[in-house]
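Listed here are the chains, written in short residue letters.
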Amino acid sequence: MLVLEQLQRRFGDVIALDRLDLEVVAGELCGFVGPNGAGKTTAMRCAVGVTTPDAGTVAWEGRAVDLEVRRRIGYMPEERGLYPRMRVAEQLVYLARLHGLRSAEAAANVEFWLDRLGLTARRDSPVEELSLGNQQRVQLAAALVHDPVLLILDEPFSGLDPIAVDVMSEVLLERAAAGVAVVFSSHQLDLVEDLCRSVAVVDAGRVVLRGDVRELKRAGDRRLRVAVDGDPGWVAALPVDTEVVARVNGEVTVALGAEADPGEVIELARAGGPLLHVRLEEPRLSELFRDALQDRLPR
Amino acid sequence: MSPGTTVRLIAAREVRQRLRSKLFVGTTLVISALLTVLAALPALLGVFDPDEPAVDQPAEEADLPRLGVVGAMSVAERSAIEAAIGPIEVVEVADVDAGAAALTSATNDLVAVVGPGERVLVAPSGQLLRPGSVAATRVAEALALGELFSEEPDRVGEVLARPSLPVEEVGDVDPAEATARLVVANLGVVFLFAVLIMYASMIINGVIEEKGSRVVELLVATVPVRWLMTGKLLGLGIVGLLQTLTLFAPPLAVLLLPAGEAIPRGVGGLGVAIAGWFVAGYALYAVIAAGLGSLVSRPEEAQAVLTPANVLMIGGYLVGFLAINAPSSTFAVVASFVPFSAPYAMLVRQALAAPAWWEVAAAAALTLSSAAALTVGAARIYEGGILRTGARVRLREAWRAG
């Protein structure tokens with residue numbers, strides 16, 4: 001299990017991490033989300049040892065993350081980085097060896113991942129000659145080539161085309177199923193919702209929402225989406241414990257608190273005109289995200 | 001995995017990448033070929049022709065070195081001197097000053113003034129016969145041995161011909177050797193400056209490449225920053241040494257070929273000194289370049305941030321050239337122990353002034369220990385600056401963050 005405990009990090013006057021706590025168990029695929037500047041990248045850098053926290057601890061399986069542990073982590077930095085003029089296979093072997101693999105083992109792993117990610121034909125090409133999508137695949141291979149027990153990926157889906165997104169998703173699910181703890185950050189909340197078993201929402205250097213995605217959705221305010229053919233002024237009479245959270249193309253989305261009665265809201269809506277459609281749903285992750293950050297985000 | 005293995009992996013990658021560059025390898029081979037041709041030219045043009053008359057190998061009566069003598073010189077003394085250094089022309093002079101005045105015009109005069117009761121060697125002409133020079137020492141020894149072997153003057157020559165005699169170590173009386181050493185000193189200083197500048201630039205660009213391409217973040221996630229810097233410096237140092245050997249081994253081999261036996265002794269050994277001072281100079285300047293390189297992210301900023309190192313290198317280079325004009329001066333001696341000028345100044349002294357071995361060892365130790373001390377500081381700056389991209393990082397900020 002990866003444990004980030006009470007991490008603090010300050011850059012000048014900016015507090016990047018403010019007693020951040022996070023636990024990710026083996027086999028868990030955890031989405032790490034938050035607004036820009038929330039502290040995601042700093043937390044991930046602390047987890048892999050690239051940044052040293054001012055206070056707090058990072059541990060894997062009860063052991064402080066030292067060099068030995070870091071060699072078993074697969075890391076994809078937010079800003080991609082590879083030697084542009086180095087050949088793909090040679091570069092991956094080099095990185096695998098820096099993680100402690102023997103030469104033959106590194107070569108075998110490289111061939112496996114080149115094949116798995118569809119890069120075999122480009123194995124001897126310099127990285128700079130590859131398309132951006134293929135460079136992303138090489139970057140993923142670099143994070144995986146040494147059989148890590150923990151994957152920490154900063155915005156791995158950023159800039160990927162839909163096919164590459166599918167490949168990346170498959171690989172992450174495979175790794176998690178194989179017992180690898182996977183943490184990845186993303187702004188694509190729908191993707192995180194579809195892919196992840198759990199999620200951590202970070203804001204201002206702290207985890208403000210953490211848990212199993214399905215449980216969080218079940219526990220969150222349900223959404224009633226209503227459209228009527230008439231005056232939208234009915235929303236002015238909404239009862240307490242409800243809140244309009246969106247109006248799109250005539251459809252009003254009402255967040256229902258724990259005590260709110262959807263039937264009461266529907267009655268109100270009908271007062272405005274005939275119902276066009278009505279749907280009661282669990283909240284989307286993006287809605288939970290907004291709820292968690294409601295004091296800071298513009299409505 | 002041990003630090004040594006990691007550093008070796010990093011160094012090996014640097015070596016592979018550089019040696020894979022056709023431009024780098026091609027340029028090195030072309031320059032080496034040009035230097036080899038240049039080295040062969042003097043022999044081809046007869047500059048070092050062994051048959052050419054030299055100080056101790058007179059060919060014609062008119063070229064005989066003249067020896068000023070106060071009072072009488074015995075036959076035995078003259079025989080001993082001639083046995084030692086070849087035929088001479090004896091000129092009787094009134095006293096030492098008169099002898100010096102009379103005998104300083106010709107370049108091959110041996111102004112050894114021999115008086116009754118005392119024997120004084122003076123060397124106003126400086127270059128060919130100064131106290132401690134080979135010829136002066138030989139004359140002095142010949143006079144001393146002349147008394148011992150007054151009945152057998154040829155023995156003097158036999159004894160002095162033995163290579164174990166100290167006279168073999170004194171130095172530069174042979175004009176061909178003096179010329180060669182002067183050339184080596186000049187070329188050595190230029191070469192050191194050129195390669196140190198080139199490798200400082202190569203290091204800084206290598207650091208910027210890793211920083212600019214962001215691969216460094218991937219690397220430091222698994223390799224301590226100091227190991228990374230050490231591996232890079234070691235790898236590029238090996239490349240530099242290989243390049244130095246490639247550039248200089250063929251021309252030196254040409255100079256030392258059996259056909260070129262007339263090439264002055266000891267000149268070939270200066271090649272080793274050049275390589276040695278390259279290693280020490282590289283160790284010193286490379287760590288500075290690595291530390292400074294971590295402060296910037298773009299190649300166009302490299303030269304600006306490298307300015308302090310360049311100033312030091314240019315300063316050392318100028319000191320080296322000044323030392324050539326006065327290799328035995330206090331300035332040259334002091335400069336040869338100051339770490340930033342030692343690679344240049346001590347090389348010059350080795351070429352032109354025959355410093356004691358311990359002086360060379362002390363200068364090397366000072367330079368290398370300074371490099372070791374600088375490595376600690378440079379590593380801290382490297383650690384503080386390497387992950388910060390974008391605008392140039394201030395030295396103080398990097399130091400604090402490291």
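Keep in mind that this is a model prediction, so the values were computed, not measured. (Residues numbered from 1 in each chain as written. Chains lettered and ligands numbered in written order. Predicted model: local features only at pLDDT ≥ 70, side-chain atom pairs only at ≥ 80, totals over all residues. Heavy atoms only, no water.)

**A look at helix H5 (residues 132–144) of chain A**
Next, step 1: With 13 residues, H5(A) extends 19 Å between its outermost C-alpha atoms, agreeing within 8% with the 18 Å of an ideal straight helix rising 1.5 Å per residue.
Next, step 2: Considered for burial, the residues of H5(A) that qualify are Asn134(A), Gln136(A), Val138(A), Gln139(A), Leu140(A), Ala141(A), Ala142(A), Ala143(A) and Leu144(A).
Next, step 3: Buried positions along H5(A) lie against strand S6 (73–76), helix H3 (88–98), helix H4 (103–116), strand S7 (150–153) and helix H6 (162–177) of chain A together with helix H8 (215–220) of chain B. (Helix = DSSP H or I, 4+ residues; strand = E, 2+ residues; numbered from the N terminus. Expected span 1.5 Å × (residues − 1). Buried < 20%, exposed > 50% of the residue type's maximum accessible area, 1.4 Å probe, protein only. Contact = heavy atoms within 4.5 Å.)

**Section: the state of the cysteines**
Next, step 1: Under the defined criterion, the tally for this structure stands at zero disulfides over all chains.
Next, step 2: Summary of cysteine pairing: Cys30(A) is not part of a disulfide, and the nearest cysteine sulfur, belonging to Cys196(A), is at 6.7 Å. (Disulfide = S-S within 2.5 Å.)

**Describing the packing of H3(A) against helix H1 (residues 3–19) of chain B**
Next, step 1: Packing of H3(A) against H1(B) leaves a shortest axis separation of 10 Å and a crossing angle of 165°. If you check the angle between H3(A) and H1(B), you find them roughly antiparallel. At the point where H3(A) passes H1(B), the crossing takes the left-handed sense. Residues Glu90(A), Tyr94(A), Arg97(A) and Leu98(A) of H3(A) form the contact with H1(B), whose own contacting residues are Thr6(B), Leu9(B), Ile10(B), Arg13(B), Arg16(B) and Gln17(B).
Next, step 2: Each residue belonging to the contact of H3(A) with H1(B) can be placed in one class, and the counts come to four nonpolar, two polar and four charged. (Axes fitted to C-alpha atoms, helices over the stretch in contact; angles between N-to-C directions. Parallel < 35°, antiparallel > 145°, perpendicular 65-115°, else oblique. Left-handed = near helix turned anticlockwise from the far one by under 90°. Nonpolar A, V, L, I, M, F, W, Y, C, P; charged D, E, K, R; others polar.)

**Structural notes on the confidence of the model for chain B**
Residue and element names in this part refer to chain B.
Next, step 1: In the predicted model, chain B carries a mean pLDDT of 75, and 69% of its residues have values of at least 70.
Next, step 2: Mean pLDDT across the elements of chain B ranges from a minimum in strand S4 (residues 118–121), with 44, to a maximum in H1, with 92.
Next, step 3: Confidence drops under pLDDT 50 across residues 50–62; counting only partners more than four residues distant or on other chains, this segment forms 14 contacts.
Next, step 4: Across residues 163–173, confidence stays below pLDDT 50; counting only partners more than four residues off in sequence or on other chains, it has 24 contacts. (pLDDT = per-residue confidence, 0-100.)

**Thoughts on the side chain of Glu217(B)**
Next, step 1: By the secondary structure assignment, Glu217(B) is in helix H8.
Next, step 2: For Glu217(B), the contacting residues outside a window of four places in its chain are Arg45(A), Val50(A), Tyr75(A), Pro77(A) and Leu387(B).

**Focus: the confidence of the model for chain A**
Next, step 1: In the predicted model, chain A carries a mean pLDDT of 90, and the fraction of residues at 70 or more is 98%.
Next, step 2: Mean pLDDT per element in chain A: helix H10 (residues 285–292) of chain A is the minimum at 83, and H3(A) is the maximum at 96.

**Some remarks on the interface of chain B and chain A**
Next, step 1: The interface of chain B with chain A comprises 23 residues on the first partner and 27 residues on the second.
Next, step 2: Both sides together, the interface formed by chain B and chain A hides about 2500 Å², and carbon and sulfur atoms give 57% of it.
Next, step 3: The largest share of the area that chain B buries against chain A comes from Glu217(B), Leu218(B) and Thr222(B), three residues that together contribute 25% of it.
Next, step 4: One salt bridge in this structure joins Glu90(A) and Arg16(B), with 3.1 Å as the shortest N-O distance.
Next, step 5: Taken together, the connections running from chain B to chain A amount to seven residue pairs in polar contact (both at pLDDT 80 or more). (Buried area = accessible area lost by both parts, 1.4 Å probe. Salt bridge = Lys/Arg side-chain N within 4 Å of Asp/Glu carboxyl O. Polar contact = N/O pair within 3.5 Å; in protein donor to acceptor, adjacent residues only side chain to side chain.)

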